[in-house]
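Structure at a glance
Chain by chain, the residues:
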Amino acid sequence: MKKIETAYGYDIFELTKEECKERWYEFPCFAVFCEGETYETVGLDESTFGTLEEAKDWCKEYDRTYY
């Protein structure tokens, strides 16, 4: 998993082909976590997206920068 960028208080990661295969996700797959969190602490089930744009849109909709 490679960190792509930070947006609206979230870190966006891209899963590798191998990680997608292991977890039964379609490739490409992007995961979003609160800044500083990882899939080890919160899981992936509710934070995955098929495109980077979808991930960014979700981050914008649930903006955490006001915290």
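As a reminder, the structure under discussion sits directly above these lines.
Residues numbered from 1 in each chain as written. Predicted model: local features only at pLDDT ≥ 70, side-chain atom pairs only at ≥ 80, totals over all residues. Heavy atoms only, no water.

To continue, consider the overall build of the chain. Looking only at helices and strands, the chain has three helices and four strands in total. Start at the N end of the chain and walk to the C end: the helices and strands fall as β-β-α-β-α-β-α. Considering the chain as a whole, with its 67 residues, one finds that 30% of them fall into the buried category. In the chain, 34% of the contacts between residues at least 6 apart in sequence involve partners at least 24 apart. Counting every atom, the chain has about 4700 Å² of accessible surface; 49% of that belongs to carbon and sulfur. (Helix = DSSP H or I, 4+ residues; strand = E, 2+ residues; numbered from the N terminus. Buried < 20%, exposed > 50% of the residue type's maximum accessible area, 1.4 Å probe, protein only. Contact = heavy atoms within 4.5 Å. Areas by Shrake-Rupley, 256 points an atom, 1.4 Å probe, with all protein chains shown as cover.)

Bringing helix α3 (residues 52-61) into the picture now. Along α3, the residues that are buried comprise Leu-52, Ala-55 and Cys-59. Considered in projection along α3, the buried side chains sweep an arc of 60 degrees and stay on one side of the axis. Turned more than 90 degrees away from the buried face of α3, the exposed residues are Glu-53, Asp-57, Lys-60 and Glu-61. (Arc of directions from axis to C-beta.)

Turning our eyes to something else, we now look at the sheet that holds strand β4 (residues 48-49). One key point about sheets: their strands pair by backbone hydrogen bonds, in either a parallel or an antiparallel sense. The sheet built from four strands is open, its strands ordered β1-β2-β3-β4 with antiparallel pairing. Edge positions in the open sheet fall to β1 (2-7) and β4, since each of these has one partner strand only. Seen against the sheet, α3 touches β1, β2 (10-14), β3 (30-34) and β4 and runs at an angle of roughly 165 degrees to β2. (Pairing = 2+ DSSP bridges. Axes fitted to C-alpha atoms, helices over the stretch in contact; angles between N-to-C directions.)

On to unusual backbone geometry. With glycine set apart, most residues show a phi of negative sign, and most peptide bonds adopt trans. A cis amide bond, omega 0 degrees, links Phe-27 with the succeeding residue Pro-28. Of note in the backbone geometry, Tyr-8 takes a positive phi value of approximately 55 degrees without being a glycine. Summarising the element assignment, Tyr-8 is placed in the loop between β1 and β2. Residue Tyr-8 is classed as partly exposed on the basis of its relative accessible area, which comes to 35%. Here Trp-24, not a glycine, exhibits a phi torsion of approximately 65 degrees, which is positive. Mapping Trp-24 onto the fold places it in the loop between α1 (17-23) and β3. Residue Trp-24 is classed as exposed on the basis of its relative accessible area of 80%.

Let us look at the state of the cysteines. A covalent bond bridging the sulfur atoms of two cysteines is what the word disulfide describes. With the rule as written, the count across this model stands at zero disulfides. There is no disulfide at Cys-20, and the cysteine sulfur nearest it, in Cys-29, is 4.8 Å away. A residue is classified by how much of its surface remains accessible, and Cys-20, at 1% relative accessible area, is buried. Judged by its relative accessible area of 3%, Cys-29 is buried. (Disulfide = S-S within 2.5 Å.)

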